[in-house]
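Summary of the model geometry
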Amino acid sequence: MTSSRDAILGRLRNSLGRDIDGEDAHGEPSARLDKHPRGIIPARVNRDRGRQKELFVEMAAAVATTVDRVETADFVPGAVGDFLARHNLGADIRMAPDDRLSEIDWSKRPTLAITSGPSAGNDEVSVTAAFAAIAETGTLLLHSGPSSPTTLNFLPENHIVVLRASQIVGAYEDAWDQLRAAGKMPRAVNLITGPSRTGDIEQTIMLGAHGPRRLHIILVEDD
Amino acid sequence: MKATTREFKDNARAALADVGLQTALEKMETGFVVNRANAAAKLPEFEALRDQGRDIKNHTLENLDFYLEAFEAKVQEAGGHVHWAATSEEARNIILDICRSVDAKTVTKGKSMIAEEIGLNDFLEENGIAPIETDLGEYIIQLRNEPPSHIIAPAIHVSKSEVADAFHEAHTELDPGRNLDEPQALLDEARAMLRQKYIDADVGITGANYLIAETGSSVIVTNEGNGDLTQTLPKIHIAVASLEKVVPTLEDATALLRLLARSATGQEFSSYTTFSTGPRRSQDPDGPEQYHVVLLDNGRANLLGTEVRDVMRCIRCGACMNHCPVYSSVGGHAYGWVYPGPIGSVLTPTLIGVEEARHLPNASTFCGRCESVCPMRIPLPKLMRHYREKAFEEKLSPVTERAGLGLWAFFARRPSLYRWSTGLIISVLGVLGRRRGRFRSLPFTKGWTQYRDLPAPRGQSFQQQWAARSGRRTLGT
Amino acid sequence: MPETRPEVALFVTCLVDLFRPVVGFAAVDLLERSGCRVTVPAAQTCCGQPAFNSGDRGNAKAIAAQVIEAFEGFDYVVVPSGSCGGMLAKHYPELFEDNLEMKDRAYDFAARTHELISFLVDVRGMSAVDATFDGHVTYHDSCSGLRELEVKEQPRKMLAQVADLQLTELPGAELCCGFGGTFCVKYPDISNNMVGDKTADIKKTGADLVLAGDLGCLMNMAGKLKRDGSPVQARHIVEILAGMTDEPAIGEGQTE
């Protein structure tokens, strides 16, 4: 009995008018996988780094992400504390076990009650680091790994992301190159563009559907 | 899902009389349509991206066997499993077996049109497993026990008071006197109700917007984040996708992503675009322990060899239905099967048969607005016409229609006879209609005069008058 | 150097021929004013759309071949309808993809074929019309002309030249009126909903007259307006451009 796999591939090759093996027909697609050529990239990202940063901030704001710009990482704990106060939130934060976060001196804001690890669903606020940010649409790229639990990006109602200006790239393709350079594809790569939203009730846009109601970026201007 | 496509006319009549539905549909023109136009206008490269998107999909389809095998190898390399399903039944059974392997009681679901196509929810329920839809719109229609009426806005036909009714009925553990007048209150309640369900589910099932051959990733695009919770929290993540969802590389997926949200909702980018590759890694603090992809054929491999192949470029953005005057008249349920609107009018006869779905490709004015906005430049009117031809060849259209057409063509192919006979008819009608200039009814014109007056001919045809004028040159008389 | 007068063959369209001859005469008049010599080949009936869109490819091909034959040898084929123009210029070549000899003829024919208003503006460079119309009008973009032949600015350019005419843009001007050839009689309920939306939009403009470039759409809109007892009238745009407005508007009776 032929498996469905063989049957489906057989039908595909029949429809495509290919020999059953047809290996030699695949030079072009094979090269495409190896070389992953870039297509059209919107001209809006062709600008110097400084203006790319401004584009990122502008695009992020357009999707209701809030951005707090600080000069150095030393100001991050204060910025987190301010965010909590602004929204009348408690002092508990769930943080990703990420070196880029743990090397920050959190004792500057001693009132913060920090725990580390993935979320089980009871956290009001998470703090994570970003892998990259894409100016084109104000998008953050976060990925799973030992130091970056995916649950922190989705379960808490408030998601704070610490981003360094040097991590901002122009287009998605620039981020893919960095991701490839960093090793094999992580289990989860999350492109996050603003807080969770829905238009499913009478086409009215509302924030905070299932993911975070607020997405807050603390942008460390290390450039 | 049982098709009611044969009853399209009755469905349409009921939909037109449904005041609530009509109110909901009216909002599309000021919402989706305007938003898409703005998003397209903001990106100077948009039209070029459409060409590129079409080309990427065409290239992929031309090499679909290669890319699917490459995808499979990469999934396996990442520790995941790929299951090939020739039919809906096979896909359902594969999913059931995976669920049973962990003795699953509840399954959370991200929005998936393929799950609708294979009738997954009913099947899981019949087998003692409770499927829980997590997309807000899907959750609403699941409570109302009805299918989606739009591929990206499944509950577009439901008013907020109807949502409130459904919530009052379903969430009996909450205070019956609570106020659910505002959409925000409804959203908050749904969020609260679903939270624990995500965590308790044994299996999470999502669809896939793309499968990436280069990396073995399945990609989902959502605004709510429900898909991410669905695929991150349970022990098992199953992505169910049809064959044509595969694209070669991250760059190719990106090129299509630049079109998807802009065409669908008019956003520059959706809130969450997630690439899933295999199960949780050894050092990962969270994520599913098993990762499965179910690849559904259901007739698509054969379709690839036909004139309708272009439809396989579809990225399910919904722009065609958002811009369709027929869809916005009757809504999605009237179409009677999973896929409504212009794309449904092509996919449905493809997937359930030309006879069963005969009405759908006919119920179009060929106004062409769908093709003009399709990000993949699918020639939807042309493909609908193809199915009209199929129905004509197979003599599936009504006898009266065929006879009328045959009679008309007999005359149209004989110019002299045509001139003489039409001249006779309009001279009679011209006399009858001269005073009012129009008819309220005539024999054989009910289709027209039921709702509109018929302007009367002027008595003499242009050709007759032209020929009568001296000094004018005519040919062939 | 005096320009030679191009030979134009007018494809009248069946609806104009039978229901509204004045549109044909207005078309001839405008073409002649733009410096063309106009012929009306007698061996024309219909463009074949009813067959083509009903899936009857055999009859569609036979009619297309007959039209191509009848219009051989002219510099241009001009059509006072975007819908029939689209059929001739876009779909005839499709019909003969599998017939080498006819395919070439169909492409040649298609390349010579133009919708009337766009022909006057784009090909003949007509920029002024000697017409006056003291009235408030709105304009509906018929689907095929708009989307298959890109007729959008040309009629507006021409209307802007008409003395005393006031144009109010129609909201949703690019939305289908619900005619769709046989669609309107096969699916009358849906068609009625569409034309009802259209006439509601027309009434909102406050115009006394709706114009369009396609008689099918015009008969549909006029028929609905009259059934609703609306005083808004309908005419083909060429009637205004050629100053041929003595004829009662579409569906209106002879004034005593």
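Residues numbered from 1 in each chain as written. Chains lettered and ligands numbered in written order. Predicted model: local features only at pLDDT ≥ 70, side-chain atom pairs only at ≥ 80, totals over all residues.

A look at the domain arrangement of chain B
Residues and elements named next belong to chain B. Domain annotation for chain B reports domain 1 (1–42 + 322–397), domain 2 (43–302) and domain 3 (415–468). The straight-line distance from the C-alpha centre of domain 1 to that of domain 2 is 23 Å. Taken together, the 23 residues of domain 1 in the interface contact 27 residues of domain 2. The set of elements that each furnish at least two residues to the side of domain 1 that touches domain 2 consists of helix 2 (19–42) and helix 16 (341–352). A total of ten residues in the side of domain 1 that touches domain 2 trace back to one element, the largest contributor, which is helix 2. Residue composition of the side of domain 1 that touches domain 2, by class: 13 nonpolar, seven polar and three charged. (Domains from an automatic or database assignment. Contact = placed C-beta atoms within 7 Å. Helix = DSSP H or I, 4+ residues; strand = E, 2+ residues; numbered from the N terminus. Nonpolar A, V, L, I, M, F, W, Y, C, P; charged D, E, K, R; others polar.)

Considerations on the nonpolar core
Core analysis: the biggest nonpolar cluster contains 298 residues, and Leu 141 of chain A together with Val 240 of chain B have the highest contact counts within it. Sort the elements by how many residues they give to this core and helix 12 (residues 250–264) of chain B lands first, with nine residues. Residues contacting Val 240 of chain B, with those up to four places away along its chain left out, are Ala 91, Ile 95, Ser 112, Ile 114, Ala 115, Ile 205, Gly 207, Val 294 and Leu 296 of chain B. (Core = buried A, V, L, I, M, F, W, Y, C linked by C-beta atoms within 7 Å. Buried ≥ 20, exposed ≤ 12 C-beta atoms within 10 Å, placed from the backbone.)

Considering the pairing of strand 10 (residues 290–296) of chain B
Residue and element names in this part refer to chain B. Extensive coverage of strand 10 is indicated by the burial of six of its seven residues. Examined bridge by bridge, strand 1 (residues 81–85) and strand 10 share five bridges and lie parallel to one another. Across the sheet, His 81 pairs through a bridge with His 292, a residue of strand 10. Both strand 7 (residues 236–242) and strand 10 contribute to a ladder of seven bridges, which runs parallel. When the sheet's bridge partners are listed, Ile 238 is paired in strand 10 with His 292. (Pairing = 2+ DSSP bridges.)

Some words on the sheet that holds strand 7 of chain B
Residue and element names in this part refer to chain B. Taking strand neighbours across the sheet as the criterion, the six strands line up as 1-10-7-4-2-3 in an open arrangement whose pairing is parallel. The two strands at the open ends of the sheet, each matched to only one other strand, are strand 1 and strand 3 (130–133). Ignoring which end each strand starts from, the neighbouring axes of this sheet average 25 degrees apart. Relative to strand 7, strand 4 (residues 203–206) runs parallel, the two sharing four bridges. By the bridge assignment, Thr 206 is partnered in strand 7 with Ala 239. (Axes fitted to C-alpha atoms, helices over the stretch in contact; angles between N-to-C directions.)

Focus on the interface of chain A and chain B
With 60 residues of chain A at the contact, the number on the chain B side is 77 residues. When residues of the side of chain A that touches chain B are traced back to their parent elements, those giving at least two are helix 1 (4–15), helix 2 (27–35), helix 6 (151–154), helix 7 (172–181), strand 9 (188–192) and strand 10 (197–198) of chain A. The class makeup of the residues in the side of chain A that touches chain B is 26 nonpolar, 24 polar and ten charged. When strand 9 of chain A meets strand 9 (residues 272–276) of chain B, the two strands line up antiparallel, connected through five bridges. Pairing of Ile 192 of chain A across the sheet is with Tyr 272 of chain B, part of strand 9 of chain B.

Some thoughts on the interface of chain B and chain C
Taken residue by residue, the interface counts 55 residues in chain B and 60 residues in chain C. Ranked by the residues each element gives to the side of chain B that touches chain C, the list is headed by helix 19 (residues 380–393) of chain B, at five residues. For the side of chain B that touches chain C, the residue count by class is 25 nonpolar, 17 polar and 13 charged.

Concerning the domain arrangement of chain C
Residues and elements named next belong to chain C. Taken domain by domain, chain C comprises domain 1 (7–122) and domain 2 (128–241). Here the C-alpha centre of domain 2 lies 22 Å away from the C-alpha centre of domain 1. Each partner contributes residues to the interface: domain 1 has 28 residues there, and domain 2 has 23 residues. Every element with two or more residues in the side of domain 1 that touches domain 2 is listed here: helix 1 (14–19), helix 2 (21–33), helix 3 (49–53), helix 5 (82–95) and helix 7 (116–123). Looking at the side of domain 1 that touches domain 2, the element that brings in the most residues is helix 5, giving six residues.

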